[in-house]
Every structure is written in C-alpha cells, then in structure tokens.
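Take a look at the letters that make up each chain.
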Amino acid sequence: MRGALIEANLPLVRYAAARFRSRNEPMEDVVQVGTIGLINAIDRFDPDRGVQFPTFAMPTVVGEIKRYFRDNVRTVHVPRRLHELWVQVNSATEDLTTSFGRTPTTSEIAERLRITEDEVLSCIEAGRSYHATSLEAAQEGDGLPGLLDRLGYEDPALDGVEHRDLVRHLLVQLPEREQRILLLRYYSNLTQSQISAELGVSQMHVSRLLARSFQRLRSANRIDA
C-alpha cells in the first residue's frame, strides 16, 4: 500500500520540482529529493484530520527540496535571512512576470514585498551563489575563451618594471652631475648640444661624460649580478 501511494503521488513531486527548474540543478536529483519529502508525508499523514493528502504533502515535499538547495547545492554560504528573502523575491518575480507579461523591475518587486530595492538586489546576487562558473568555461554567446585563459596573458610592460628598478638602483651610484646629464638626455629627450647649452659645457665634454656614465653603469651591473 505504501509503495502504491508513493507511485500514485509522484506527479505531485514532479509538479513541485518544476518550480525549481530555474536553479539549473538536474531535475532527476530534485525529483528524488522531493520523493523523500513525499515518503515522509505519507508516513505522517492522518486521514482523520479531514485534510486532503495533496494539501498536506505539498509543503513537506517543497520543504525537503528547499533544504536540499540550502544545505547541498549552494556554492557560497548566504545568511539564512537573505536566503529566505531570496525565495520570496523569486516567487514575486514569477507572479509579476505572469501578471505583467514581462520581467518586473527591481522597484516593482520591492513594492510587492515592501522591502528596499537594495534588498532585492542583494537577494538576486545571493541567488547566483547556487552555481560557480568554471574559470576554464568558455563564455557563452561571445565566442571568447574562458576567464582563466584571459587572466593569464603576458604583460609586455612587466619586464620594464624590473629594468626601471635596476636602472634607478644603478643611477644613484653616479655623481650628481652625471645623473643630471642622463636624465636630461633620456628623460627630457634633450640633444647633446642642448645639454651642453643647459650646463654651460662643451658638447664634446657632454659626450665624454655620457660614455663614462655608461661604463660605470655596466661595471656596477656586473658587480651586482
């Protein structure tokens, strides 16, 4: 008799499970969990109370499914109050979609539940925690590679950071005058003739100081290495 009751009421479980189709969980798993709730309802049902069995069983089946999602499926822990509010937001969204013939706005959902729009947005964000997307999964619709592939690109400027740090370290070892000449030549992009006019020395002398600076930098680099 118990087995016959379970078999006869499986359509009730499938109906309840269909309400959770948006969770993207395999429907067979949801039906299996709902069947556990059905069995519990059968074991506890008392016909003498005058309540029809589907009316008595539905809350038990739905409650079992909700516990399954709360305890086993959610990827990120969400506070219980936010989770319960998310269920209300999801239900209100379905009702308003049916009434309006379109997806309701955040303000319309907030007005229906008498909560703030920020709370609605927090609930929607919480609902996304049921499934984590793989970093290697390709982006649907746009043909782009997975996030992991896009995060791991080689930055061509990365080597420059190390080189600039090395040059800064070596540059401070030069006399102040030679530091200034190098900065004027390679930072301010002045020619040797412009540098000679700036410092009041001959262009030949500027050329000799640059050559000596390079020699000192090379020697210091070999010592540090």
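Residues numbered from 1 in each chain as written. Predicted model: local features only at pLDDT ≥ 70, side-chain atom pairs only at ≥ 80, totals over all residues. Heavy atoms only, no water.

Per an unreviewed UniProt entry, the chain is named RNA polymerase sigma-B factor, and its organism is Streptomyces luteogriseus.

Quick look at the packing of helix α2 (residues 10–18) against helix α3 (residues 27–44) now. For any two helices packed against each other, the geometry is given by the interaxial angle and the distance between the axes. At a minimum axis distance of 9 Å, the contact between α2 and α3 shows a crossing angle of 125°. The orientation of α2 with respect to α3, classified from their angle, is oblique. Of the two possible hands of crossing, α2 and α3 adopt the one that is right-handed. Residues Leu-10, Val-13, Arg-14, Ala-17 and Ala-18 of α2 form the contact with α3, whose participating residues are Met-27, Val-30, Val-31, Gly-34, Thr-35 and Leu-38. Class assignment for the residues of the contact of α2 with α3 results in eight nonpolar, two polar and one charged. (Axes fitted to C-alpha atoms, helices over the stretch in contact; angles between N-to-C directions. Helix = DSSP H or I, 4+ residues; strand = E, 2+ residues; numbered from the N terminus. Parallel < 35°, antiparallel > 145°, perpendicular 65-115°, else oblique. Left-handed = near helix turned anticlockwise from the far one by under 90°. Contact = heavy atoms within 4.5 Å. Nonpolar A, V, L, I, M, F, W, Y, C, P; charged D, E, K, R; others polar.)

It is worth spelling out unusual backbone geometry at this point. Of note, the phi angle at Arg-114 is positive, near 60°, even though the residue is not glycine. Among the secondary structure elements, Arg-114 is positioned in the loop between α6 (106–113) and α7 (117–127). Taking the relative accessible area as the measure of exposure, Arg-114 reaches 81% and is therefore exposed. Backbone geometry places Asn-189, a non-glycine residue, at a positive phi of 60°. Position of Asn-189 relative to the elements: it lies in the loop between α10 (176–186) and α11 (192–199). Classification of Asn-189 as exposed rests on a relative accessible area of 58%. (Buried < 20%, exposed > 50% of the residue type's maximum accessible area, 1.4 Å probe, protein only.)

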